[in-house]
Amino acid sequence: MEAAGDRRLWQPASEFSRLYANGEEDASVDVAVEALRSHIPFEPPFESIWWLADQLRKRRHFTLGLELVESAFERGFRGWRIFYLRALFHALLRDFSEAFKLLDSAIRIAPDEEARKMALFRGRLLAATGEYQEALRCFRENLKFGEDPAALVDAGIRIAWRAENGDIARRWLNRANKFYGANVERIGEFAQRCYDRGLWELACASARQGLDIESGNLPLERLVCRCLYKEGKTVEAIPAIEKLLRSDPDWLEGQEMLARCLGASGRKEEAAHILARTGENASGANLVGLRKELGLSKKEISAAPADRKSARRLQQRIKKNPMKDSELLHRLNNIPSDFTPRWTDETIEASGNTFRAVGSLIHSVRTIILRETMARFGRHDLGYLWAIIEPLIHVTVLSFIFYYIRMKDTLGMNVVLFVATGIIPLFFYLKTYTALTNALKQNRPLLNHASVQPMDIFLARATLEFFTQLLVLVIFAAAIYFAVEQYRFGSILSVVANLFGLWITGIGMGLIIGSLVVYAESLPNIMTGFNRIIYITSGVFFTLDMMPASVAEYVAYNPLLHFVDGVRGNFNPLMGGTRVDIGYAYMWAIGIFTLGLIADRALRHKVLDR
């Protein structure tokens, strides 16, 4: 009875506070656990509840933690922290519906930064309940690389995979490696998920990236071998698996893959040797399947050299006389008929036939143009009409600015005609530059066709842009003539000459920036800003004749301004421009075009290797 009386007189909150103040943290937590389990009134100070709740969570006393925070809530603790703690323990006890309600209340009253962190916690809860798309949305809106812990970023990458959004998962992996350093576990998990989804090439590259950080990592080495085997890269897979089996001889899966690769390469003696060594460990079904797949009988397998010395002698015999290598003989005897040229009278004549070569080039370019047209305009419901709508938006907005803010007429020229003859010619440069900057990167699969060369892709894209913008110019010129103002047109030859200069300048700049990007990834972004300056200073808003002589002297250094003014002058005699120097402009255009061809030729292999 005395013990029971002492128990009633025991003040756990006072003892907890004393121990906590003295730094005896473990003892103070033990007092709190005992008090909560005994259902003795326990009311610790508010300022210690956050710490104590975290300690109970770490010790996995989730029910006691919920009892503690509910008691604090009843005592009047109404801050965002208590709502968050209640949500946390409800979630740990798998009561997700109540956890979401409490967490939403906490987010509403918390400071912005704390609300962001709790939103990420909400995303993890959503993932736990299988709502991966909604969880990914929470992470996309709230995750901050470099500020949030690496473990939280890794959780976001896993959620992206579960939401079947591999693009975000890859992007976040690269950013995580940049901000937190490359991590073998993170890279290994990414590689495994790529492998599970059949992205074997990407999985192999990621696994090798992990091996660069931690050489000898057995799971990653096995993954590289599996990827090479799945991709059918027999020549690479065989030495990789053999090397790994020397350090990991008990890897049964690797032995079976090696046997299959050797059999597929025509090296049946070595495959039989592998099966003789594997037979005792392989399951009956696997062994029978391998025998049938390789066309080997039990007798051939039993007669194969199973010891290492015999296998080594077999390898040395092959090295001394490569023509006894069954893999080499198999490949030489099974070369596809169209793999190498057959030097007959017909093929020799065809190889030097210029007209045939030009015809092949035209066919290739025409096919790529059709593909590019579908890829670009097929995505829009409006289709090819979008090529007209985009410049129409530019012309409409700038005409409004000129008409209502600046002036109704520009040197006697209708404002719509003035703006259209500035923007559309400049698009010959801007659109061509944009199309060629990433031409090889975006069309890399086409280069797997022997008949397609990189220059075919450049020429196809540039040709498509030229004729698209030419069609736009003709439509606008006709529409303005019949609906706005009947102007007096000049020389078609002059217009084409100026448009051609803008076009080859765009080709040259596209090739230069697209090649130099291998040295500076941010170069296209810098060039985008520079092109905005070009948009303003290349005759869209003014002509050389409108500028004072002191200003025109410096503005005239821009070669694109001469081309644009040259086009505009054919739509109004007053715009002919005494200061236009097409020779100077072509000097720059040809120079840029030549530098672009040189840069592409010198750096193309690096661009393709990116």
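No experiment lies behind these values; they were computed from the predicted model shown.

Now for the nonpolar core. Judged by nonpolar contacts, the single largest core of 74 residues is most densely connected at Leu125, Leu143, Ile157 and Trp172. Per-element tally for this core: the top contributor is helix H6 (residues 80-92), with nine residues. Ignoring sequence-local partners within four residues, the contact set of Leu143 consists of Arg116, Leu120, Asp148, Leu152, Val153 and Trp172. Of all hydrophobic cores here, the second largest spans 65 residues; its members include Leu436, Leu440, Ala477 and Ile534.

By the definition in use, this model includes 19 aromatic pairs. Ring centres of Tyr84 and Phe121 lie 5.6 Å apart, and the angle between their planes is 70°; on these two criteria the pair is classed as edge-to-face. Residue Tyr84 is found in helix H6, and its partner Phe121 is found in helix H8 (residues 112-128); the two are separated by 37 residues along the sequence. Phe121 shares its class with Tyr84; the two are buried.

What follows deals with the state of the cysteines. According to the stated counting rule, one finds zero disulfides in the structure shown. No disulfide involves Cys225; its sulfur sits 8.8 Å from that of Cys204, the nearest cysteine. Judged by its relative accessible area of 2%, Cys225 is buried.

Bringing the side chain of Ser206 into the picture now. With respect to the secondary-structure elements, Ser206 resides in helix H13 (residues 200-213). On the basis of relative accessible area, Ser206 is assigned to the buried category, the value being 4%.

Compared with the 18 Å implied by 1.5 Å per residue over 13 residues, the 18 Å span of helix H5 (residues 62-74) between its first and last C-alpha is a close match. Considered for burial, the residues of H5 that qualify are Phe62, Leu64, Gly65, Leu66, Leu68, Val69, Ala72 and Phe73. Of the surrounding elements, those touching the buried residues of H5 are helix H3 (25-37), helix H4 (46-58) and H6. Just downstream of H5 lies Gly76, where phi reads positive at about 110°.

What follows concerns the pattern of salt bridges. What the rule picks out here adds up to 24 salt bridges. We note a salt bridge from Asp154 to Arg186, for which the minimum N-O separation is 2.6 Å. Of this pair, Asp154 sits in helix H10 (residues 150-162) while Arg186 sits in helix H12 (residues 184-196); the two residues are 32 residues apart in sequence, bridging distant segments of the chain. Take Asp154 and Arg186: they sit in the same class, and that class is buried. In this structure, Lys233 engages Glu231 in a salt bridge whose closest nitrogen and oxygen atoms are separated by 3.5 Å. Judged by relative accessible area, which is 31%, Lys233 ranks as partly exposed. Overall, Glu231 belongs to the partly exposed group, its relative accessible area being 26%. When salt bridges that share partners are traced, they join Glu113, Arg116, Lys144 and Asp148 into one network.

Our next topic: unusual backbone geometry. Its identity as a non-glycine residue notwithstanding, Arg94 has a phi of 70°, on the positive side. Its location among the elements puts Arg94 in the loop between H6 and helix H7 (96-109). Backbone geometry at Glu164 places phi at a positive 60°, although glycine is not the residue there. Among the secondary structure elements, Glu164 is positioned in the loop between H10 and helix H11 (166-180).

This paragraph deals with the confidence of the model for the chain. Mean pLDDT over the chain works out to 79, with 78% of the residues at or above the 70 mark. By mean pLDDT, the top-scoring element of the chain is helix H28 (residues 492-516) (92), and the lowest-scoring one is helix H1 (residues 2-9) (44). Taken together, the stretch residues 280-285 has pLDDT below 50 and engages in three contacts with residues farther than four places along the chain or on a different chain.

What follows is about the packing of H8 against helix H9 (residues 132-142). Put simply, H8 and H9 touch, their axes get as near as 8 Å, and they point 160° apart. Between H8 and H9, the crossing angle belongs to the class labelled roughly antiparallel. When you trace H8 past H9, the crossing you get is left-handed. On H9, the residues touching Arg116, Ala119, Leu120, Gly123, Arg124, Leu126 and Ala127 of H8 are Tyr132, Glu134, Ala135, Cys138, Phe139 and Asn142. Among the residues making up the contact of H8 with H9, the classes are represented as eight nonpolar, two polar and three charged.

Quick look at the environment of Gly210 now. Structurally, Gly210 can be placed in helix H13. When the C-alpha atoms of Gly210 and Ala182 are compared, they prove to be 8.1 Å apart, with 28 residues separating the residues in sequence. In contact with Gly210, not counting residues within four places along its chain, are Val184, Ile187 and Leu220.

Now for a nonpolar patch on the surface. A contiguous nonpolar surface patch, about 440 Å² in accessible area, is contributed by Trp386, Ile393, Val397, Phe400 and Ile401. Here Ile401 lies in helix H24 (residues 386-406).

This brings us to H4. Taken together, the buried positions of H4 are occupied by Ser48, Ile49, Trp51, Leu52, Ala53, Gln55 and Leu56. As for H4, its buried residues are in contact with helix H2 (12-21), H3, H5 and H6. Just beyond H4, the residue with positive phi is Arg60, at close to 65°.

What counts, and at which threshold
Residues numbered from 1 in each chain as written. Predicted model: local features only at pLDDT ≥ 70, side-chain atom pairs only at ≥ 80, totals over all residues. Heavy atoms only, no water. Core = buried A, V, L, I, M, F, W, Y, C linked by side-chain atoms within 4.5 Å. Buried < 20%, exposed > 50% of the residue type's maximum accessible area, 1.4 Å probe, protein only. Helix = DSSP H or I, 4+ residues; strand = E, 2+ residues; numbered from the N terminus. Contact = heavy atoms within 4.5 Å. Phe/Tyr/Trp six-rings, centres within 6.5 Å; stacked < 30°, edge-to-face > 60°. Disulfide = S-S within 2.5 Å. Expected span 1.5 Å × (residues − 1). Salt bridge = Lys/Arg side-chain N within 4 Å of Asp/Glu carboxyl O. pLDDT = per-residue confidence, 0-100. Axes fitted to C-alpha atoms, helices over the stretch in contact; angles between N-to-C directions. Parallel < 35°, antiparallel > 145°, perpendicular 65-115°, else oblique. Left-handed = near helix turned anticlockwise from the far one by under 90°. Nonpolar A, V, L, I, M, F, W, Y, C, P; charged D, E, K, R; others polar. Patch = residues over 30% accessible without salt bridge, like charges linked within 9 Å, V, L, I, M, F, W, Y side chains within 5 Å. Areas by Shrake-Rupley, 256 points an atom, 1.4 Å probe, with all protein chains shown as cover.

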